[in-house]
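Notes for the structure review
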Amino acid sequence: MHLDQKVSLKTLHTFGMEVEARYFVEAKTHSEVLTLLNYRHMIHMPILFLGGGSNVLFTGDFKGIVIRINSKGIVIREEDQTHVHVTAEAGENWDEFVQYCVNQGWAGLENLSMIPGKVGAAPIQNIGAYGVEVKDSIESVQVVDISTGKQRRFTNAECQFGYRDSIFKRELKGKVIILNVTFRLRKIDESHDERISGLQGDKVAERSLLRLDYGDIREELENMGATVPTIRSVREAVCNIRRRKLPDPAEIGNAGSFFKNPVIDREKMELLQPVFPGMPFYPQSPASQSFKIPAAWLIDQCGWKGYRSGDAGVHTAQPLVLVNYGNSTGLQVLSLANQIMDSVYQKFGINLEPEVNVIS
Ligand code: FAD
Ligand code: EPU
């Protein structure tokens, strides 16, 4: 392992700001992560554990040590006729892992295709897209406590998953390192399904428990001519939609949705609906006592879509995504985020909560 000084982080996070770490080290294996922890009592400066850098905003240089987790490995723990239990190390690239699972015929993660980042960060904000959250497939998460060096395995229930939320984003933020994640995925022999049963598209989907109901997935599958949906075609459909809707960080710096979609209670909903009859809303269980409102719509209504100040901006097609057109600083993006939050609050009385981790 190499401890380097004054390392540029520009290419190591998707917002692409020109910031540097005072010290930088990459842990390429599980045991290198543990070795680094043995030195924790000698490190008297802030520590940042970095995965793919796709959910962080640096407001300036990081005046401490950045430890980049790059441990690799995928191991089958257990397998029966219907399910496989597979463990992936924290430094595995998320989308490559999803692709691997799809190739094996293991269902569960295909709707989460093309989300940037590493496996280790996936449970932290319980990544979600196209009607699926990673919690639906996580069996357990192995962590090491930074202050004691003790390892512990969290069951799915102990992770306290919620919408873009988990115990790792709250009580345990900065206190543990996620070492690996174990997933429980369904084994699907799609060719077998099709061959022996001759089922039509929707029936196969139902048997395979594919999730096709969110957004434009069915329409995209139709456009692709995929009459019998499979985990492969669902992955492809999701990738096509994402390429159309979201900016590619290789071209325009961004960290995906900057804010979470707010959830409001029934009372608030009844106040807002007569004033804004066109406001989209999604009832949340239990018993529809709360409603998720698309933050993109709220921001759009406040006139921010396509706004640009210097190199900081609001994406032209998806106003929930703040962007760096090249030379923006993190503080400029943060200032824009604060202006957006103020205007949404003034117009709708709704507080937007950032999804991105602001690192100062
Ligand atoms: P990083 O940005 O490196 O880290 C995020 C946080 O986790 C930091 O606080 C870091 O310190 C901590 N951390 C990272 N690894 C570890 C570890 N092993 N142990 C302890 N702490 C750790 N998210 C979604 O949920 N759904 C989407 O559809 C989605 N789409 C996106 C599209 C784009 C174009 C972009 C840029 C981002 C998108 N995101 C989405 C957000 C992002 O991809 C996810 O949050 C992803 O899980 C972040 O992974 P990462 O490895 O890049 O984490
Ligand atoms: N909308 C507008 N104007 C626009 C664009 C969208 O009003 O210009 C409204 C529309 O009502 C649209 C709604 O916003 O129906 C939702 O838009 P979209 O389908 O793009 O999804 P989102 O709610 O903005 C969420 C996640 C994404 C995830 C997609 C797909 C959050 C915070 N964001 O976005 O996750 O990929 O759904 O499931 O939940 C991320 O977390 O970084 C992320 C990209």
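Residues numbered from 1 in each chain as written. Chains lettered and ligands numbered in written order. Predicted model: local features only at pLDDT ≥ 70, side-chain atom pairs only at ≥ 80, totals over all residues. Heavy atoms only, no water.

With that settled, consider the site of ligand 2. Near ligand 2 lie 24 residues; those nearest to it are Tyr130, Tyr163, Asp300, Lys305 and Glu355. In this structure, an oxygen atom belonging to ligand 2 sits 3.4 Å away from a main-chain N or O atom of alanine 317. Glutamate 355 has a polar side-chain atom sitting 2.8 Å from an oxygen atom of ligand 2. Protein coverage of the free-state accessible area of ligand 2, which is 840 Å², stands at 80%. Listing elements by their share of the shell around ligand 2, those giving two or more residues are helix H6 (231-245), strand E14 (253-257) and helix H8 (295-301). Structurally, the shell around ligand 2 is a two-domain feature, drawing no fewer than three residues from each of domain 2 (74-187) and domain 4 (253-359). (Near = heavy atom within 4 Å. Polar contact = N/O pair within 3.5 Å; in protein donor to acceptor, adjacent residues only side chain to side chain. Areas by Shrake-Rupley, 256 points an atom, 1.4 Å probe, with all protein chains shown as cover. Helix = DSSP H or I, 4+ residues; strand = E, 2+ residues; numbered from the N terminus. Domains from an automatic or database assignment.)

Moving on, we come to the domain arrangement of the protein chain. Where interface size is given, it is often the accessible area lost as the parts come together that is meant. Entries for the protein chain in the domain assignment read domain 1 (4-69), domain 2 (74-187), domain 3 (193-240) and domain 4 (253-359). Placing the centre of domain 2 and that of domain 3 at their C-alpha centroids yields a distance of 24 Å. Counting residues at the interface gives 17 residues for domain 2 and 12 residues for domain 3. Carbon and sulfur atoms supply 60% of the area buried between domain 2 and domain 3, which totals about 1300 Å² over both sides. At the junction of domain 2 and domain 3, the tally comes to 1 salt bridge. For arginine 235, the salt bridge goes to aspartate 95, with nearest N and O atoms at 2.9 Å. Where domain 2 meets domain 3, there are 6 residue pairs in polar contact (both at pLDDT 80 or more). Only helix H2 (94-104) and strand E8 (106-107) provide two or more residues apiece to the side of domain 2 that touches domain 3. Looking at which element gives the most residues to the side of domain 2 that touches domain 3, the answer is H2, with 5 residues. (Contact = heavy atoms within 4.5 Å. Buried area = accessible area lost by both parts, 1.4 Å probe. Salt bridge = Lys/Arg side-chain N within 4 Å of Asp/Glu carboxyl O.)

Next up on the list: the site of ligand 1. Lining the immediate surroundings of ligand 1 are 31 residues, of which Phe49, Gly51, Gly52, Ser54 and Arg242 lie closest. Arginine 164 places a side-chain nitrogen or oxygen 3.3 Å from an oxygen atom of ligand 1. With respect to ligand 1, the side chain of arginine 242 contributes an N or O atom lying 2.8 Å from a nitrogen atom. When the free accessible area of ligand 1 is taken as 990 Å², the share hidden by the protein chains comes to 92%. Taken together, the elements giving at least two residues each to the shell around ligand 1 come down to strand E3 (47-50), strand E9 (128-129), strand E13 (176-187) and E14.

Structurally, leucine 57 can be placed in strand E4 (residues 56-58). For leucine 57, a relative accessible area of 0% gives the class buried. Discounting chain neighbours no more than four positions away, the residues touching leucine 57 are Phe15, Met17, Phe258, Gly330, Val333, Leu334, Val356, Asn357, Val358 and Ile359. (Buried < 20%, exposed > 50% of the residue type's maximum accessible area, 1.4 Å probe, protein only.)

Time to look at the sheet that holds strand E20 (residues 321-324). Taken in spatial order, the 4 strands line up as E14-E20-E19-E18 in an open sheet, and their pairing is antiparallel. In the strand order of this sheet, the two ends are held by E14 and strand E18 (308-309), each with one partner. Bridge count for strand E19 (residues 312-314) against E20 is 3 bridges, and the pairing is antiparallel. Residue pairing for E20: glycine 313 is matched across the bridge by valine 323. The sheet strands contacting helix H9 (residues 330-348) are E19 and E20, and the helix crosses E19 at an angle near 35°. (Pairing = 2+ DSSP bridges. Axes fitted to C-alpha atoms, helices over the stretch in contact; angles between N-to-C directions.)

Looking at the element boundaries, isoleucine 43 is found in the loop between helix H1 (30-38) and E3. Taking the relative accessible area as the measure of exposure, isoleucine 43 reaches 22% and is therefore partly exposed. Sequence spacing of isoleucine 43 and leucine 210 is 167 residues, and the spatial spacing of their C-alpha atoms is 47 Å.

Helix length check: H9 (19 residues) gives 27 Å between terminal C-alpha atoms against 27 Å at 1.5 Å per residue, within 8%. For H9, the set of buried residues is Gly330, Val333, Leu336, Ala337, Ile340, Val344 and Phe348. Across the axial projection of H9, the buried residues extend over an arc of 125°, all falling on one side. In H9, the exposed residues that point more than 90 degrees away from the buried face are Leu331, Asp342 and Gln346. Buried residues in H9 make contact with E4, helix H7 (266-272), H8, E19 and E20. (Expected span 1.5 Å × (residues − 1). Arc of directions from axis to C-beta.)

Time to look at the packing of aromatic side chains. For the structure shown, the criterion picks out 12 aromatic pairs. With a centroid separation of 5.4 Å and 75° between ring planes, the pair formed by phenylalanine 154 and phenylalanine 168 is classed as edge-to-face. With a gap of 14 residues between them, phenylalanine 154 in strand E12 (residues 151-155) and phenylalanine 168 in the loop between E12 and E13 connect regions that are remote in the sequence. Residue phenylalanine 154 shares its accessibility class with phenylalanine 168, and that shared class is buried. Here the aromatic rings of phenylalanine 281 and phenylalanine 291 are separated by 5.9 Å at their centres, their planes lie at 80°, and the arrangement is edge-to-face. Note that phenylalanine 281 is positioned in the loop between H7 and strand E16 (282-284) and phenylalanine 291 in strand E17 (residues 290-292), a separation of 10 residues in sequence. Using a relative accessible area of 33% as the deciding quantity, one classes phenylalanine 281 as partly exposed. Residue classification places phenylalanine 291 among the buried positions, given a relative accessible area of 6%. Lying across the ring of phenylalanine 154, arginine 152 places its NZ or CZ 4.0 Å from the centre. A cation sits over an aromatic face here: arginine 308 above tyrosine 325, 4.1 Å from the ring centre. (Phe/Tyr/Trp six-rings, centres within 6.5 Å; stacked < 30°, edge-to-face > 60°. Lys NZ or Arg CZ within 6 Å of the ring centre and 35° of its normal.)

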